[in-house]
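Notes for the structure review
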Amino acid sequence: MNQVDYLRISLIDRCNFRCQYCMPEGAEIDYILQQQLLTDVELLTLIQEVFIPVGFTRFRLTGGEPLLRPHVVELVRAIASFPQTQDLSMTTNGFLLAPIAQNLYDAGLRRINISLDSLEPEIFDQIIGNRGRGKWEQVWQGIQAAYSVGFDPLKLNVVVIPGVNDHEVLNLAALTLERNWHIRFIEFMPIGNWQLFGDRGWVSSAELRQQIRDRWGLTESQVCGAGPADVFQIPGAKGTLGFISQMSECFCDRCNRMRLSADGWLRPCLLNENGQIDLKTALRAGISTAQLQEQVRELLAIKPEINFKQRESGTEGSYTRTMSQIGG
Ligand code: SAM
Ligand code: SF4
């Protein structure tokens, strides 16, 4: 079992997009109220006085859309300044990125993943459920800004939905030919929009690799990420291709992460709510950070059991929240 030293922190559950695969169409989302969100001070206290002492050294800021969080640059600066922070990254939809990419970099953010599910603006608009001109272009500007500021590696996340964007796989993969980018194809999971999943299903990483192999050939990359992606490369390409295959392959035994929701719940497994602890309520009730460390250590100790329980019992029925609510 991997050492669990990586925390994905949801800064906010709200989002300026409404991606088809992430949020159920038309459904009311039960957003966390402002006063229930962890404050900046609470979040930094938990990181510095609870997570770092129990061994977490790598942090990813996510959401919802993390760039909607007020003071996001200051939060990045504070987390980056902890001497124990070995890695600080962010997953964003990129819409608000261009004007603050440099500030984020200067504050200490070094790695960024940007979601880009389509190279075709019309399809992009359809996916993000947010009609209006120029959305794709603004995200593309965010990607360009991140690239020119020096984020390395620059990763683009693509969730492949049959009949929506699966015809673009080769075009997306071709971005790596001339650019040192990492395009990561993520298997669509039945979290968030069950109906879409039921109607469309998902495409396996093996099928995508076959398409790419047939066009250009494909080799396993020497670059080996610390995360769940299997990394490949088109021969001679500057960038790499990652495949995240949580549907076709169980990688629970490689899991090295926990998730902290924007309202302070610590979750040991994306797909299983068992064991989660409410750190915010404990903190507000005056429980000491030393006691909270103990609770987190206990959760770490039972995490493998929780992961494997999920695998043995199947996953259906356990996704009661969307990725934007959990902190994807
Ligand atoms: N808003 C940011 C973004 O979209 O990059 C960060 C949060 S989002 C929940 C994090 C990641 O989860 C995105 O890459 C998104 O594509 C992925 N995601 C959301 N719902 C998913 C689903 N049902 N299946 C697979 N990936 C999903
Ligand atoms: Fe928002 Fe990200 Fe979910 Fe899309 S995937 S709706 S950008 S949280």
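Conventions used here
- Residues numbered from 1 in each chain as written.
- Chains lettered and ligands numbered in written order.
- Predicted model: local features only at pLDDT ≥ 70, side-chain atom pairs only at ≥ 80, totals over all residues.
- Heavy atoms only, no water.
- Salt bridge = Lys/Arg side-chain N within 4 Å of Asp/Glu carboxyl O.
- Helix = DSSP H or I, 4+ residues; strand = E, 2+ residues; numbered from the N terminus.
- Buried < 20%, exposed > 50% of the residue type's maximum accessible area, 1.4 Å probe, protein only.
- UniProt positions renumbered as here; feature names shortened; annotations may be inferred.
- Contact = heavy atoms within 4.5 Å.
- Pairing = 2+ DSSP bridges.
- Axes fitted to C-alpha atoms, helices over the stretch in contact; angles between N-to-C directions.
- Near = heavy atom within 4 Å.
- Nonpolar A, V, L, I, M, F, W, Y, C, P; charged D, E, K, R; others polar.
- Polar contact = N/O pair within 3.5 Å; in protein donor to acceptor, adjacent residues only side chain to side chain.
- Parallel < 35°, antiparallel > 145°, perpendicular 65-115°, else oblique.
- Left-handed = near helix turned anticlockwise from the far one by under 90°.
- Areas by Shrake-Rupley, 256 points an atom, 1.4 Å probe, with all protein chains shown as cover.

**Points about the pattern of salt bridges**
- Per the counting criterion, the structure on display carries 6 salt bridges.
- Close ionic contact of Arg58 with Asp5 constitutes a salt bridge, the shortest N to O distance being 3.0 Å. Placement of Arg58 in strand 2 (residues 58-62) and of Asp5 in the segment before strand 1 (6-10) is noted, with a sequence separation of 53 residues between them. The two residues Arg58 and Asp5 agree in class, both being buried.
- A salt bridge links Arg297 to Glu294; the shortest N-O distance between them is 3.1 Å. Taken together, the positions of Arg297 and Glu294, both in helix 10 (residues 289-313) and 3 residues apart, correspond to about one turn of that helix.
- When its relative accessible area of 39% is taken as the criterion, Glu294 is described as partly exposed.

**Overview of the UniProt feature "binding site: [4Fe-4S] cluster 1" (unreviewed entry) in the chain**
- Residues given the UniProt feature "binding site: [4Fe-4S] cluster 1" (unreviewed entry) here are Cys15, Cys19 and Cys22.
- Among the structural elements, Cys15 can be located in the loop between strand 1 and helix 1 (40-51).
- Among all residues touching Cys15, those that are not within four sequence positions of it are Met23, Gly64, Glu65, Leu68 and Asn93.
- For Cys19, the location among the structural elements is in the loop between strand 1 and helix 1.
- By relative accessible area, Cys19 is classed as buried at 14%.
- Those residues in contact with Cys19 that sit more than four places away from it in its chain are Ile127 and Ile128.

**Remarks on the sheet that holds strand 10 (residues 257-260)**
- Taken in spatial order, the 12 strands make up an open sheet running 7-8-9-6-5-4-3-2-1-10-11-12, and their pairing is mixed. If you trace the sheet from one side to the other, it starts and ends with strand 7 (219-220) and strand 12 (277-278), each paired once.
- Note: strand 3 (residues 87-92) against strand 4 (residues 111-115), 4 bridges, orientation parallel. Bridging from a neighbouring strand, Thr92 pairs with Ile114 of strand 4.
- Those strands touched by helix 6 (residues 169-178) are strand 5 (154-160), strand 6 (181-187) and strand 9 (240-244), and its axis lies near 150 degrees from that of strand 6.
- Where helix 8 (residues 205-216) meets the sheet, it contacts strand 5, strand 6, strand 8 (230-233) and strand 9, and its direction lies at approximately 155 degrees from that of strand 9.

**Focus: the site of ligand 2**
- Looking at ligand 2, the residues that line it are Cys15, Phe17, Arg18, Cys19, Tyr21, Cys22, Met23, Gly64, Asn93 and Ser324.
- Looking at the shell around ligand 2 residue by residue, the class counts come to 6 nonpolar, 3 polar and 1 charged.

**Things to note about the UniProt feature "binding site: GTP" (unreviewed entry) in the chain**
- When the UniProt feature table is mapped onto this chain numbering, "binding site: GTP" (unreviewed entry) sits at Arg8, Arg60, Thr91, Lys155, Arg257, Met258 and Arg259.
- As for its placement among the helices and strands, Arg60 is situated in strand 2.
- For Arg60, a relative accessible area of 3% gives the class buried.
- With near-sequence residues (within four places) excluded, Arg60 lies in contact with Tyr6, Leu7, Arg8, Ile9, Ser89, Met90, Thr91, Arg111 and Asn113.
- Within the fold, Thr91 resides in strand 3.
- Thr91 sits in the buried class, given a relative accessible area of 12%.
- Excluding residues that lie within four positions of it along the chain, Thr91 makes contacts with Arg8, Arg60, Leu61, Thr62, Pro66, Asn113 and Asn157.
- Among the polar contacts listed, one links the side chain of Thr91 to the side chain of Arg60, at a separation of 3.0 Å.

**Looking at the environment of Leu292**
- For Leu292, the location among the structural elements is in helix 10.
- Measuring from C-alpha to C-alpha, the distance between Leu292 and Val164 comes to 45 Å, with 128 residues separating the pair along the chain.
- Other than its neighbours up to four places away in sequence, Leu292 contacts Leu46, Val50, Leu279, Ala282, Leu283 and Ile287.

**What about the packing of helix 6 against helix 8?**
- Taken N-terminus to C-terminus, the directions of helix 6 and helix 8 make an angle of 60 degrees; their axes are 10 Å apart at the nearest point. The orientation of helix 6 with respect to helix 8, classified from their angle, is oblique. When you trace helix 6 past helix 8, the crossing you get is right-handed. Residues Val169, Leu170, Ala173, Ala174 and Leu177 of helix 6 form the contact with helix 8, whose own contacting residues are Leu208, Gln211, Ile212, Arg215 and Trp216.
- The residue inventory of the contact of helix 6 with helix 8, partitioned by class, reads 8 nonpolar, 1 polar and 1 charged.

**Focus: the site of ligand 1**
- In the vicinity of ligand 1 there are 20 residues, among which Tyr21, Gly64, Ser115, Met189 and Ile191 approach most closely.
- Measuring from a nitrogen atom of ligand 1, one finds a backbone N or O atom of Tyr21 at 3.1 Å.
- Relative to its unbound accessible area of 550 Å², ligand 1 is 96% covered by the protein chains.
- Taken together, the elements giving at least two residues each to the shell around ligand 1 come down to strand 3, strand 5, strand 6 and helix 11 (323-326).

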